[in-house]
Amino acid sequence: MRKMLTIISNVLRGSASRNGARVVVSARTYADFTPQATFDIKKCDLHKLEEGPPLQAMLSREEGLQYYRTMQTMRRMELKADQLYKQKIIRGFCHLYDGQEACAVGIEAGINLSDHLITAYRAHAYTLTRGGTVREIMAELTGRRGGIAKGKGGSMHMYTKNFYGGNGIVGAQVPLGAGVALACKYLGKNELCVCLYGDGAANQGQIFETYNMASLWKLPCIFICENNKYGMGTSVERAAASTDYYKRGDFIPGLRVDGMDILCVREATKFAAEHCRSGKGPILMELQTYRYHGHSMSDPGVSYRTREEIQEVRSKSDPISMLKDRMLSNNMASVEELKEIDVEVRKEIEDAAQFATTDPEPPLDDLCNHIFYNNPPMEVRGTNPWTKLKSVS
Amino acid sequence: MASLRCFLRSGKNAVTAVLRREFHGTPPAAVQVTVRDALNQAMDEELERDERVFLLGEEVAQYDGAYKVSRGLWKKYGDKRIIDTPITEMGFAGIAVGAAMAGLRPICEFMTFNFSMQAIDQVINSAAKTYYMSAGLQSVPIVFRGPNGASAGVAAQHSQCFAAWYGHCPGLKVVSPWSAEDARGLLKSAIRDDNPVVFLENELMYGVPFEMSEEVQSKDFLIPIGKAKIERQGNHITLVSHSRMVSLCLDAAAVLAKEGIECEVINMRTIRPLDAEAIETSIMKTNHLVTVEGGWPQFGIGAEILAWIMEGPAFNYLDAPAVRVTGVDIPMPYAKILEDNSIPQIKDIIFSVKKTLNV
């Protein structure tokens, strides 16, 4: 009797330690996942181009999981920022990117980290794709010393290698981006610059000045207009005489791309990068996308558009859902696997938020530092004549 | 071969080319060099020294420069390094700043600083503030240069002095040379500086020759940014000035010397950072101060100097209130008689000195 019980208990213990059904299911479907699939993507509208990007895109399982993870990280990070802002832990300006994830991730998938990128103030997602960590981004939003700019820049002024911010003045980043492209060409390293701006900025004069020079000098510059249909509270119809932003470069070839489909964005970016690297000069991409939040955290975002509109985009065109559906319906991943990624992402964001709320603020000694680079220490006048503050590079 | 081609081009150019060829050979002890040529040589040498340096602006290449400051550079360095831009200041200033961010060392020429107003956002918000906003991640090694202030007969929109506007902003270094030596040493320092420098030249000074010693002619002659120079020693009163007004101060000092009044003339050389110490040391000796500038009085260079002196140790050494001699507080008129009376003249400086000294 005892022998039989021992045998039974051994068997039961054995099966229990195997963690039951979960392991068995994963082990079985892991071998069954489709490693790669081809998807039809929307045709891009073309301007002064004979051919456009391909109408099909290949997606590997690894790529899919990576895009999913990155987009989900962005989404969660922005939503956490929303939460922290409402708790007044983040202050000032906070422009959130949720809804537009396919643009940032798709663009990065089409270029290399050794290429360059510059954007405007809706920049948290790009800081991430360009090498920043969620921790340092969130700590910058909360103004702590562990922030990517040591707390001195804030939401709109985050920088990493080959990422020139984060720029607060609408449109000013476009000539800057062309300048980066000029340096790329000058230094001959076959690098290019992706230069982003919104539908609101697209009417800025300095952008047209930049189109002219970039074209004249054949600068390796991809101009990208993220058209999310609203410049702050003004819809595109009320701001632009021509809303065909991909044509506004006139002599610069352009494409209009579905910015909610990450594969569309990636293929278009690859196409544009090829155009630049072959020495043909600049090219323009309009990404049609949508932001769920208002212009910034001080804008509820419903006075100039309906809740129904926002809801419709969420349910029909959400970039993360689209990718998820594609992967699941082609057996490229399991529901559990994606849920696991969600859990990991949530944890990463929680940890980052924890850091961002507990890290101390920058020391007052840092107040006057970083005025000049490579400069001997100097004195800076404080608020009154007797206060002389120290400043080092 | 190069000089033969030069000769065939045009007489005037040929002469200058020959003079310069001789120049780069074995320089004699001291030579007469105009401010224009000093700037030209400084840029030439820095372009040669560092491949990342390049010049862009309107007419800088094939036209040889609107004021001929960049004469010969395009012929020597070509399209890649001397770039003619369209008339789009905001655009090309932004492009210059972006290039600086990505590792190059641009010299961005504004045909005059009046046009820099179109691009001032790029100078301040994109160039000056970036190193601070990025907490030291992103530096911007750029020089913005061009003629500043009043010229002759160019009227209101082309005569403004921007020293006070740029001097106001942290993150910028602002430099205002007077002599050929200043132009040479300060431009070299500005180009080698890893930070945004606003370099304010003066059109009326371009053609003025100055003696340049052998030491100043050397390729590594640099004048440190942030240090003023005493052009003339004196005991009775301190005159502080920058750019062309230094000439007027020296002329006024010469006249006053005949009456036994010895002026100490300080050439600021740098607007920001201000060399307050040099001014204070001088006041502690002379006990009197008059500042002289071409720009408007309100919130200007003189206003700043006077505030510094009030707040600093030199105040107790003043025997009379410090005063400013400035341009008249009006847009610049065109007619010669009006224009002449819109900017400080030697007699205005003499008058102010005597009033301050109560003689």
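Residues numbered from 1 in each chain as written. Chains lettered and ligands numbered in written order. Predicted model: local features only at pLDDT ≥ 70, side-chain atom pairs only at ≥ 80, totals over all residues. Heavy atoms only, no water.

1. Let's talk about the overall build of chain B
Right, on to step 1. Within chain B one finds 16 helices and 14 strands.
Right, on to step 2. The C-alpha radius of gyration computed for chain B amounts to 21 Å, which stays within 12% of the reference 21 Å derived for 359 residues, consistent with globular compactness.
Right, on to step 3. Dimensions along the principal axes, computed over C-alpha positions, put chain B at roughly 65 × 50 × 40 Å.
Right, on to step 4. By residue count, 58% of the 359 residues in chain B fall in the buried class.
Right, on to step 5. Considering only contacts in chain B between residues 6 or more positions apart, those separated by 24 or more positions represent 80%.
Right, on to step 6. Distance from the positive charge centre (35 side chains) to the negative charge centre (42 side chains) of chain B: 4 Å. (Helix = DSSP H or I, 4+ residues; strand = E, 2+ residues; numbered from the N terminus. Rg over C-alpha atoms; globule rule 2.2 N^0.38 Å. Buried < 20%, exposed > 50% of the residue type's maximum accessible area, 1.4 Å probe, protein only. Contact = heavy atoms within 4.5 Å. Lys, Arg positive; Asp, Glu negative; His and termini not counted. Charge placed at Lys NZ, Arg CZ, Asp CG, Glu CD.)

2. Side note on the domain arrangement of chain B
All names here are of chain B.
Right, on to step 1. Segmentation of chain B into domains returns domain 1 (33-217) and domain 2 (229-357).
Right, on to step 2. Computed from C-alpha atoms alone, the centre-to-centre distance between domain 1 and domain 2 is 26 Å.
Right, on to step 3. Counting residues at the interface gives 30 residues for domain 1 and 24 residues for domain 2.
Right, on to step 4. Inspection of the region where domain 1 meets domain 2 yields two salt bridges.
Right, on to step 5. A salt bridge links E181 to R269, with the nearest nitrogen and oxygen atoms 3.5 Å apart.
Right, on to step 6. Across the domain 1-domain 2 interface, the total number found is twelve residue pairs in polar contact (both at pLDDT 80 or more).
Right, on to step 7. Secondary structure elements with two or more residues in the side of domain 1 that touches domain 2: α9 (163-167), β6 (173-175) and α10 (180-192). (Domains from an automatic or database assignment. Salt bridge = Lys/Arg side-chain N within 4 Å of Asp/Glu carboxyl O. Polar contact = N/O pair within 3.5 Å; in protein donor to acceptor, adjacent residues only side chain to side chain.)

3. Overview of the confidence of the model for chain B
Right, on to step 1. Scored by pLDDT, chain B has a mean of 94; 92% of the residues are at 70 or more.
Right, on to step 2. With a pTM of 0.91, the predicted complex shows an ipTM of 0.91. (pLDDT = per-residue confidence, 0-100.)

4. Some details on the pattern of salt bridges
Right, on to step 1. Following the criterion strictly, the structure yields 42 salt bridges over all chains and no others.
Right, on to step 2. Put simply, E63 of chain A and R266 of chain A hold a salt bridge, and the shortest N to O gap is 3.3 Å. Of the two residues, E63 of chain A sits in helix α3 (residues 61-86) while R266 of chain A sits in helix α10 (residues 262-277), which places them 203 residues apart along the sequence.
Right, on to step 3. Given the relative accessible area of 29%, E63 of chain A is considered partly exposed.
Right, on to step 4. Where D182 of chain B meets R269 of chain B, a salt bridge forms, and the shortest distance between an N and an O atom there is 2.7 Å. Of this pair, D182 of chain B sits in helix α10 while R269 of chain B sits in the loop between β11 (263-267) and β12 (270-272); the two residues are 87 residues apart in sequence, bridging distant segments of the chain.
Right, on to step 5. Of the residues examined, D182 of chain B reaches a relative accessible area of 0% and is grouped as buried.

5. Observations regarding the sheet that holds strand β2 (residues 53-57) of chain B
Residues and elements named next belong to chain B.
Right, on to step 1. Across the sheet, which stays open at both edges, the seven strands sit in the order β3-β2-β4-β5-β7-β6-β12 with mixed pairing between neighbours. Both outer strands of the open sheet, β3 (82-84) and β12, are each paired with one neighbouring strand and no more. Recorded for the sheet is a direction-independent mean angle of 20 degrees between the axes of neighbouring strands.
Right, on to step 2. As paired strands, strand β5 (residues 143-147) and strand β7 (residues 197-201) are joined by five bridges and run parallel to one another. Counted as the bridge partner of G146 is L200 from β7.
Right, on to step 3. Sheet strands in contact with helix α3 (residues 35-49) are β2, β3, β4 (105-109), β5 and β7, and its direction is about 130 degrees off that of β2. (Pairing = 2+ DSSP bridges. Axes fitted to C-alpha atoms, helices over the stretch in contact; angles between N-to-C directions.)

6. Regarding the state of the cysteines
Right, on to step 1. Applying the stated rule across the entire model yields zero disulfides over all chains.
Right, on to step 2. C103 of chain A provides the cysteine sulfur closest to C94 of chain A, a residue in no disulfide bond, and the two sulfurs are 18 Å apart. (Disulfide = S-S within 2.5 Å.)

7. With respect to the UniProt feature "domain: Transketolase-like pyrimidine-binding" (unreviewed entry) in chain B
Right, on to step 1. The residues that UniProt annotates with the feature "domain: Transketolase-like pyrimidine-binding" (unreviewed entry) are residues 33-208 of chain B.
Right, on to step 2. From the first C-alpha to the last, residues 33-208 of chain B spans 8 Å; its make-up is 39% helix and 16% strand. (UniProt positions renumbered as here; feature names shortened; annotations may be inferred.)

8. Here's the deal with the side chain of D194 of chain B
Right, on to step 1. Tracing the sequence through the fold places D194 of chain B in the loop between α10 and β7.
Right, on to step 2. Residue classification places D194 of chain B among the buried residues on the basis of a relative accessible area of 14%.
Right, on to step 3. Within the structure, the side chain of D194 of chain B is placed 2.7 Å from the side chain of N374 of chain A, a separation counted as a polar contact.
Right, on to step 4. One polar contact links D194 of chain B to R105 of chain B, side chain to side chain, over a distance of 2.9 Å.

9. Quick notes on the pairing of strand β11 (residues 378-381) of chain A
Residue and element names in this part refer to chain A.
Right, on to step 1. When β11 meets strand β12 (residues 388-391), the two strands line up antiparallel, connected through four bridges. Counterpart to M378 in the pairing with β12 is S391.
Right, on to step 2. The hairpin formed by β11 and β12 contains six residues between the paired strands.

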